[in-house]
Amino acid sequence: MKGDKYQHITDQELLEKFYADHKNEWLGILLQRYTLLLLGVSMKYLKNEEQAKDSVQQIFLKVIQELHKYKVEYFKSWLYMVAKNHCLMKLRESNGKSTVEVNDNITNKADEEADRQVLLQNDHTLDLLELSLKELNPEQQQCVTLFYLQKKSYQEVSDETGFTMLQVKSYIQNGKRNLRILIEKKQEEEKNNK
Amino acid sequence: MSENYKDILSNLSTSVDQETLLLYLQGKLSEDKKHEIEKQLLQTEFDEEAMDGLQEFKDKEQLQYMVEMLNRDLKKKTEKKKRRREKMNIKDQPWLYVSILILIIILALSYIFIRRMLTNE
């Protein structure tokens, strides 16, 4: 992991190099950047260290095969989708139950994100955010405030509130999602009132 | 303060490098640094889910070894393919096709010659 001499090259540039000469070596360099994340995602779904390791190797192979077939633009989002689908398939095989395949429209997601970032530049959105924060349930409000506004780590938030680390994380993640929903709702209402 | 509010809504991907992530998981970072990493890991679903999974590994010190093993295996796979292709490229050399063609012509001529000899006899 140490001394990656390709650190200065972006994922996109590595992909372009691969598409130019079709040498798997480029994919090796690119995928190595995500080994730990893939191990984490596999563990999250499969709940078994050995199976998670095997899953990462299988995801590597799948990615190498797929990238020879078609062009990918947003590598990280695409890789996440491949990894998640692989894990869901493994779970389906072991449980004999059907699972829904994730097939996000990555291009649209990227566009939506660009729109969101433009929205952020808008001071009015920040006013709405401040208002929405007060509408969260007390636990989420407390954790989001301590984490984002007072810049405390999960551990410090946990020490201060008495919640477990897992609870803190969950309150922050859900609080963040709820804030987005509340803001979007408020913006929608404003549009309708105009 | 408004910058802090922006952090809540931001979803721009700013990847945390694996070494820093390992240090975080092993509890070897300061509280300030921890907060920075945690904030960045909330930016995408990929990072969020990976973090949830990584926390479930019993021995966090072993993670680095696992990653190194997986990377070594990946490197072998990607290099092997490259060598195989290089071998194929050698076969793709034009002189090889010319030699095969010449050999076929010689064989055909020999066949015709022998056949004529036998017919004349």
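Structural data are supplied above this passage.
In this text the structure is predicted, and so the values were computed from the model without any measurement.

Asker: Sorry, what's going on with helix α4 (residues 49-69) of chain A here?
Answerer: An α-helix turns once per 3.6 residues; consequently, residues spaced three or four apart project the same way. Residues and elements named next belong to chain A. For α4, spanning 21 residues, the distance from its first C-alpha to its last is 31 Å, which sits close to the expected 30 Å at 1.5 Å a residue. Among the residues making up α4, those that are buried are Ala52, Ser55, Val56, Ile59, Phe60, Val63, Ile64, Glu66 and Leu67. With a side-chain oxygen lying 2.9 Å from the backbone nitrogen of Glu50, the N-terminal cap of α4 falls on Asn48.

Asker: What is the right way to read the interface of chain A and chain B from this model?
Answerer: Across the boundary between the two partners, chain A contributes 63 residues, which contact 53 residues of chain B. For the pair chain A and chain B, the summed buried area comes to about 5900 Å², and 63% of that belongs to carbon and sulfur atoms. Residues Asp47 of chain B and Lys76 of chain A are paired through a salt bridge, measuring 3.2 Å at the closest nitrogen-oxygen approach. For the pair chain A and chain B, the interface holds 21 residue pairs in polar contact (both at pLDDT 80 or more). Here the side of chain A that touches chain B is built from residues that sort into 29 nonpolar, 13 polar and 21 charged.

Asker: Would you mind going over the pattern of salt bridges with me for this structure?
Answerer: Between side chains of opposite charge, a pair can form when the charged atoms approach closely. Summed over the entire model, instances satisfying the criterion amount to 16 salt bridges over all chains. Among the ionic pairs, Lys47 of chain A bridges to Glu56 of chain B, the shortest N-O distance being 3.1 Å. Of this pair, Lys47 of chain A sits in the loop between α3 (35-46) and α4 while Glu56 of chain B sits in the loop between α4 (45-55) and α5 (60-91), each in a different chain. Here Lys90 of chain A and Glu93 of chain A are joined by a salt bridge, their closest N and O atoms 3.5 Å apart. In this pair, Lys90 of chain A and Glu93 of chain A are both assigned in helix α5 (residues 75-95), three residues apart and thus about one turn of the helix distant. When its relative accessible area of 26% is taken as the criterion, Lys90 of chain A is described as partly exposed. Sharing partners across several salt bridges, the network here consists of Lys44 and Lys169 of chain A together with Asp52 of chain B.

Asker: What am I meant to see in unusual backbone geometry here?
Answerer: The bulk of non-glycine residues show a negative phi, and the bulk of peptide bonds are trans. All names here are of chain A. One non-glycine residue, His22, adopts positive backbone phi at about 55°. By the element assignment, His22 lies in the loop between α1 (11-21) and α2 (24-32). The exposure class of His22 is partly exposed, given its relative accessible area of 32%. In the Ramachandran plot, Lys151 falls in the positive-phi region, its phi being about 55° despite a non-glycine side chain. Relative to the assigned elements, Lys151 resides in the loop between α8 (138-149) and α9 (154-161).

Calculation criteria
Residues numbered from 1 in each chain as written. Chains lettered and ligands numbered in written order. Predicted model: local features only at pLDDT ≥ 70, side-chain atom pairs only at ≥ 80, totals over all residues. Heavy atoms only, no water. Helix = DSSP H or I, 4+ residues; strand = E, 2+ residues; numbered from the N terminus. Expected span 1.5 Å × (residues − 1). Buried < 20%, exposed > 50% of the residue type's maximum accessible area, 1.4 Å probe, protein only. Polar contact = N/O pair within 3.5 Å; in protein donor to acceptor, adjacent residues only side chain to side chain. Contact = heavy atoms within 4.5 Å. Buried area = accessible area lost by both parts, 1.4 Å probe. Salt bridge = Lys/Arg side-chain N within 4 Å of Asp/Glu carboxyl O. Nonpolar A, V, L, I, M, F, W, Y, C, P; charged D, E, K, R; others polar.

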